[in-house]
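# Structure at a glance
Chain by chain, the residues:
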Amino acid sequence: MTTLPMTTAKKLGLVIDLDTCVGCQACATSCKEWNTSGYSAPLSDQDPYGADPHGAWLNRIHSYEVGEGDTGRTVHFPRSCLHCETPACVTVCPTGASYKRASDGIVLVNPETCIGCKLCSWACPYGAREYDYAHGVMKKCTLCVDRIYNETLEPEDRVPACVRACPTGARHFGDLGDSDSQVSKLVAERGGFDLMPEFGYKPVNKYLPPRPRRDATTSASGDKKPAVREVESDADPSALTTRFFTWADKVLSR
Amino acid sequence: MHPAYSVIYFTCATGAGYGLLIWLAVFAMMGALPLTPAFGLAGLGVSMALVVTGLLSSTSHLGRPERAWRAFSQWRSSWLSREGVFAIATFVPVAVLALGWIVEGRSDGVYAVAAAAAAVSALVTVYCTGMIYQSLPTIRAWNLPMVTPIYLALGLATGAVLMVALMAGFGALAQAHLMLTLAVLGGAWLLKFAYWSTIDGAPREWKIGAATGLGRFGQVRPLDPPHSKPNFVMREMGYQVARKHALKLRRMAIALGFAVPAGLLITVLLGGLQAAAFPLAVLAAMSALAGVLVERWLFFAEAEHVAMLYYGKQEA
Ligand code: SF4
Ligand code: SF4
């Protein structure tokens, strides 16, 4: 049924921290690895070792350069389905293969009934749906629906593969419909925002903006400086005892 | 947007087929055409051949054509589903109309009702086709109120030129047919001309800064793409014809779609060329269809998708 549920009991989604993401692609590769053997048919690749390799991935990590000169910065930008509350990708689907779950708000494609008309991908402003050329059906982020409720996994693994894989903790998973949840608090605290809210699709996933830049005048105050620096600055680095202790410290910490 | 030939042929052929069907049904109801079996076979035959080949072509665009029947289920929300439902529903009154016309040589009573139903159902089908595109907010050049009227107008125009060819073939061509066809053809291409000036003049409101939410920190430029070769999104949504080619193709569409058929029809009209009317009208119909094919190719190739902002387009 491609008409949307009026409300969903939960609004499960991701909060992505653009401040701490380092663009390492761990989430994207972990996603591909899990989902090529998970919920839907495998995520096929075309011409993988040839001149024009491409394939279906559910998570894409862009890197942008933002601003000019001294104030410029690099921002890594993971992009996947935002599990919108009122997405046209679902309502345009002629078969009912695309649907939004009333229980948790996850937007899914049924690989058994999708006819591969690709209309849903046209309706998504976020470029989040990728057609699988080998299987002839549409693929998209499932929020790892086959992990998050999976009781055969350890409790700490019952989160989307991307969240589990992120080495910098830049990805958070939870119920954004519950204002007391960790993710909702994080969004409130850090000024989380929606991508292109003007479309009215009401994305559930939120992005946390990069923190303000720190320079000589705004950098962390003394209490954040590593203690060892202070010690070093007091000592004469050329003194034999200091060199000895530095050497001993190195050897012992191996 | 990637111009898929299966979809281009589908929309042009069904547009012309349903357009012709509408004229046939209306003229039959009014008793304004020869109710002979030969005319019925030729008219309904050409119209249904265009519709059926168009529908078949559309299924070749699908990744899973064997599941196409599933597309009839979501008419509550999906214009694509509604289009499918009405496309199939139209065959029912057409069959009744064909029975009356070809077998019984009649178009009154129940056959008139069937003719009216066929015309309305055909009109609604083309309307649904237009709405599939018009209803997408992600594509600025499609999300315009004149998109669906243009689909209807060009369908009716190509159908009208086909109708003229048929009438000429059966020696039943009247001046009124020619004048009506010229008016419909002119009106349709005037609308299309207005469309092109609209999309050329419209501001490109969607910016890369809004797409990424990073605009507040300054100009956003792509640094590292997520993949080394185009993915599905770039292949499907990233196709765009160069502006100077587009302008050339627009002129070609107007020449083939409007100028040539209008010129031929005017020649027939003013020259009173009864003998040459049929070949000239067939030529006009072929040219009109070719013009609409070019127009439809451009409809896709000139349309920008907002998702391309993530791939470095500054605005869309
Ligand atoms: S991000 Fe795109 S695919 Fe995902 S729910 Fe929103 S519109 Fe649909
Ligand atoms: S590609 Fe599949 S999921 Fe998408 S609109 Fe078509 S049938 Fe629905």
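### Side note on unusual backbone geometry
Residues other than glycine seldom take positive phi values, yet Gln25 of chain A does so here, at roughly 75 degrees. Structurally, Gln25 of chain A is set in the loop between β1 (12-17) and α1 (26-35).

### Describing the sheet that holds β1 of chain A
Residue and element names in this part refer to chain A. Taken together, three strands build an open sheet; the order of strands is β10-β1-β11 and the sheet is mixed. Looking along the sheet, the strands with just one partner apiece sit at the ends: β10 (171-175) and β11 (206-208). Taken pair by pair, the neighbouring strands of this sheet meet at an average axis angle of 25 degrees, ignoring direction. Sheet topology note: the β1/β11 ladder contains three bridges and is parallel. The residue of β11 that forms the bridge with Ile16 is Tyr207. The strands that helix α6 (residues 182-190) touches are β1, β10 and β11; relative to β10, the one it contacts most, it runs at about 120 degrees.

### Some remarks on the site of ligand 1
Near ligand 1 the following residues occur: Cys81, Leu82, His83, Cys84, Pro87, Cys89, Val107, Cys124, Tyr126, Arg129, Lys140 and Tyr201 of chain A. In terms of residue class, the shell around ligand 1 is built from nine nonpolar, one polar and two charged.

### A short note on the interface of chain A and chain B
Taken together, the contact pairs 61 residues of chain A with 57 residues of chain B. Summed over both sides, the interface between chain A and chain B buries roughly 5,000 Å², with carbon and sulfur atoms accounting for 61% of that surface. Taken together, the connections running from chain A to chain B amount to three salt bridges. For Asp52 of chain A, the salt bridge goes to Arg235 of chain B, with nearest N and O atoms at 2.9 Å. At the junction of chain A and chain B, the tally comes to 26 residue pairs in polar contact (both at pLDDT 80 or more). Elements with a contribution of two residues or more to the side of chain A that touches chain B: β4 (59-66), β5 (73-80), α3 (119-123), β8 (130-132) and β9 (137-139) of chain A. Here the residues of the side of chain A that touches chain B sort into 33 nonpolar, 17 polar and 11 charged. In the sheet, β4 of chain A pairs with strand β1 (residues 220-224) of chain B via four bridges, with the strands oriented antiparallel. Note that in β1 of chain B the partner of Glu65 of chain A across the bridge is Arg221 of chain B.

### Remarks on the pattern of salt bridges
All names here are of chain B. Under the defined criterion, the tally for this structure stands at 25 salt bridges over all chains. Asp108 is paired through a salt bridge with Arg106; the nearest N and O atoms lie 3.0 Å apart. You can call Arg106 partly exposed: its relative accessible area is 35%. Here the salt bridges share partners, and the residues they tie into one network are Arg140, Arg204, Lys207, Glu304, Lys313 and Glu315.

### Digging into the nonpolar core
If you look at the biggest cluster of nonpolar residues, it comprises 158 residues, and the most contacted ones within it are Tyr133, Trp142 and Tyr195 of chain B. Counting residues per element, this core draws most heavily on helix α5 (residues 147-169) of chain B, which supplies 16 residues. Mapping this core onto the domain boundaries places at least three of its residues in each of domain 1 (1-135) and domain 2 (174-316) of chain B. Among all residues touching Tyr133 of chain B, those that are not within four sequence positions of it are Trp122 of chain A together with Val7, Thr11, Trp142, Val147, Tyr151, Phe299 and Phe300 of chain B.

### Quick notes on the packing of helix α6 (residues 175-201) of chain B against helix α10 (residues 277-301) of chain B
Residue and element names in this part refer to chain B. Across the interface, α6 lies against α10 with an axial gap of 13 Å and an inter-helix angle of 25 degrees. One way to sum up the angle between α6 and α10 is to call them roughly parallel. Crossing handedness for the pair α6 and α10: left-handed. Residue-level inspection shows Trp189, Lys192, Tyr195 and Trp196 of α6 in contact with α10, the latter providing Gly291, Val292, Glu295, Leu298 and Phe299. Within the contact of α6 with α10, the residues separate by chemical class into six nonpolar, one polar and two charged.

Rules used throughout
Residues numbered from 1 in each chain as written. Chains lettered and ligands numbered in written order. Predicted model: local features only at pLDDT ≥ 70, side-chain atom pairs only at ≥ 80, totals over all residues. Heavy atoms only, no water. Helix = DSSP H or I, 4+ residues; strand = E, 2+ residues; numbered from the N terminus. Pairing = 2+ DSSP bridges. Axes fitted to C-alpha atoms, helices over the stretch in contact; angles between N-to-C directions. Contact = heavy atoms within 4.5 Å. Near = heavy atom within 4 Å. Nonpolar A, V, L, I, M, F, W, Y, C, P; charged D, E, K, R; others polar. Buried area = accessible area lost by both parts, 1.4 Å probe. Salt bridge = Lys/Arg side-chain N within 4 Å of Asp/Glu carboxyl O. Polar contact = N/O pair within 3.5 Å; in protein donor to acceptor, adjacent residues only side chain to side chain. Buried < 20%, exposed > 50% of the residue type's maximum accessible area, 1.4 Å probe, protein only. Core = buried A, V, L, I, M, F, W, Y, C linked by side-chain atoms within 4.5 Å. Domains from an automatic or database assignment. Parallel < 35°, antiparallel > 145°, perpendicular 65-115°, else oblique. Left-handed = near helix turned anticlockwise from the far one by under 90°.

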